[in-house]
Amino acid sequence: MLGQSPIDTSVKTGTVAICGNPNCGKTTIFNAITGLNQHVANYPGVTVEKVFGQFSVGRDNKFKFILVDIPGTYSLSAFSPDEDIAVSALTGSLKGTTVPDVIICVLDATNLERSLTFLLQVMEIERPIIAAVNMVDLAEKQGIEIDFKKLSQLLGNIPVIRVIGNRRIGIDDLKEAVVRVINTDSVTLQGLYGEEIERLMRKLKDIHREPYRSRAEYLRVIFDINGSAEKRYLEEAPPQAKEMLQSGRREIKEKYGSLGFVETSALTKKADEIYRE
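Residues numbered from 1 in each chain as written. Predicted model: local features only at pLDDT ≥ 70, side-chain atom pairs only at ≥ 80, totals over all residues. Heavy atoms only, no water.

Caption draft 1: Summary view of the overall build of the chain. Across its full length, the chain carries 11 helices and seven strands. Expected size for 277 residues packed as a compact globule is a radius of gyration near 19 Å; at 19 Å, the chain falls within 12% of this value. Referenced to the eigenvectors of the C-alpha coordinate spread, the extents of the chain come out at roughly 55 × 45 × 35 Å. Residue burial in the chain is summarised as follows: out of 277 residues, 51% are buried. Of the contacts made within the chain by residues no fewer than 6 positions apart, 71% connect residues no fewer than 24 positions apart. Of the accessible surface of the chain, which amounts to about 13300 Å², a share of 47% is contributed by carbon and sulfur atoms. On the chain, the mean spot of the 35 positive side-chain charges and the mean spot of the 37 negative ones are 2 Å from each other. (Helix = DSSP H or I, 4+ residues; strand = E, 2+ residues; numbered from the N terminus. Rg over C-alpha atoms; globule rule 2.2 N^0.38 Å. Buried < 20%, exposed > 50% of the residue type's maximum accessible area, 1.4 Å probe, protein only. Contact = heavy atoms within 4.5 Å. Areas by Shrake-Rupley, 256 points an atom, 1.4 Å probe, with all protein chains shown as cover. Lys, Arg positive; Asp, Glu negative; His and termini not counted. Charge placed at Lys NZ, Arg CZ, Asp CG, Glu CD.)

Caption draft 2: Examining the pattern of salt bridges more closely. The full count for this structure, using the stated rule, is 18 salt bridges. In this structure, Asp-224 and Arg-220 form a salt bridge, with 2.7 Å as the shortest nitrogen-oxygen distance. Classification of Asp-224 as buried rests on a relative accessible area of 6%. Here Arg-220 falls in the buried class, since its relative accessible area comes to 6%. (Salt bridge = Lys/Arg side-chain N within 4 Å of Asp/Glu carboxyl O.)

Caption draft 3: Broad picture of the nonpolar core. Counting residues in hydrophobic clusters, the biggest one holds 64 residues, and the most contacted among them are Leu-155 and Ile-222. Ranked by residues supplied to this core, first place goes to helix α3 (residues 112–123) with seven residues. For Ile-222, the contacting residues outside a window of four places in its chain are Ile-197, Leu-200, Met-201, Leu-204, Leu-245, Arg-249, Ile-252 and Leu-259. With 26 residues, the next largest nonpolar core counts Val-16, Ala-32, Leu-67 and Ala-177 among its residues. (Core = buried A, V, L, I, M, F, W, Y, C linked by side-chain atoms within 4.5 Å.)

Caption draft 4: Representation of helix α2 (residues 81–91) in the model. Of all 11 residues in α2, eight are buried; the element is thus mostly enclosed. Of the positions making up α2, those classed as buried are Asp-84, Ile-85, Ala-86, Val-87, Ser-88, Ala-89, Leu-90 and Thr-91. Lining the buried residues of α2 we find β1 (13–20), β5 (102–108), α3, α8 (215–223) and α9 (228–236). Its side-chain oxygen 3.2 Å from the backbone nitrogen of Glu-83, Ser-80 forms the N-cap of α2. Gly-92 sits one or two residues past α2 and shows a positive phi near 80°. (Polar contact = N/O pair within 3.5 Å; in protein donor to acceptor, adjacent residues only side chain to side chain.)

Caption draft 5: View of the layout of surface pockets. In this structure, the second largest pocket occupies an estimated 230 Å³ of space. Taken together, the elements giving at least two residues each to the lining of the second largest pocket come down to α2, α8 and α9. When its residues are assigned to classes, the lining of the second largest pocket shows seven nonpolar, five polar and seven charged. (1 Å grid on protein atoms, 1.4 Å probe; cavity = no way out; pocket = protein on both sides within 12 Å on 5 of 7 lines; lining within 4 Å. Points joined across faces, edges and corners; volume = space filled by probe spheres on them. Nonpolar A, V, L, I, M, F, W, Y, C, P; charged D, E, K, R; others polar.)

Caption draft 6: Geometry of the state of the cysteines. Inspection of every chain in the model, using the stated rule, returns zero disulfides. Looking at the unpaired Cys-19, the closest cysteine sulfur is the one in Cys-105, lying at 4.0 Å. When its relative accessible area of 0% is taken as the criterion, Cys-105 is described as buried. (Disulfide = S-S within 2.5 Å.)

Caption draft 7: Quick look at the environment of Gly-96. If you trace the backbone, Gly-96 turns up in the loop between α2 and β5. Using a relative accessible area of 69% as the deciding quantity, one classes Gly-96 as exposed. C-alpha of Gly-96 to C-alpha of Tyr-43: the two residues are 53 residues apart in sequence and 7.9 Å apart in space.

Distances and angles like these do not, on their own, reveal function.
Structure below.
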């Protein structure tokens, strides 16, 4: 499940974010990975707590990482202040934070299709990613069998790890996977939303070139009308970017009826395909 990549001996440290839907067992896995090496602070300029810890991997604990526990969320679409903090911390767009070197996305094996919908969004952040399929024991009791190798292949060969967090099963595999993927290329399932969305993303990128803004953030600019991602983008972009965005949205609405339908239908269709296979 970890693939054939050798451990990258040039890597000594990095920041890892762990995310997932509420009640997927994310915090249990976070606690299992970090043990007692945990800290609580506030994100810069806000009162929302930032929970992070440390873990080591390898002989003599050669590789050391910071693990940040991202608040549980069902989507990268963020409108409440708490949702915005969670998503902005994950994408690195929150002031005073940087995009994580690796993302661990926790999937609920008993509700895999919904978890896959969120994972597909997270993959658009364009960082090395590991899928931790948690609560496998509960899924197996429900008669659900998961082909982890096949799931990895369908997700572009990202590592897919079998985890039972409350029994620490798969925790060492997750930690080793971080070292294996930290300097690898990211995987995104491009073309998911259709040519109209891709064309509008290219226009928004070309008019305001920022190497740090990921596909996930541009998708939020497009889909979340008056959302925080749109506001941040328009504050920094040239004045003509606003009309370009509005014109692109009108074109999408004329063809599909609504922006929300484009994103929701694309994600649920792809998640359903992967789940069934």
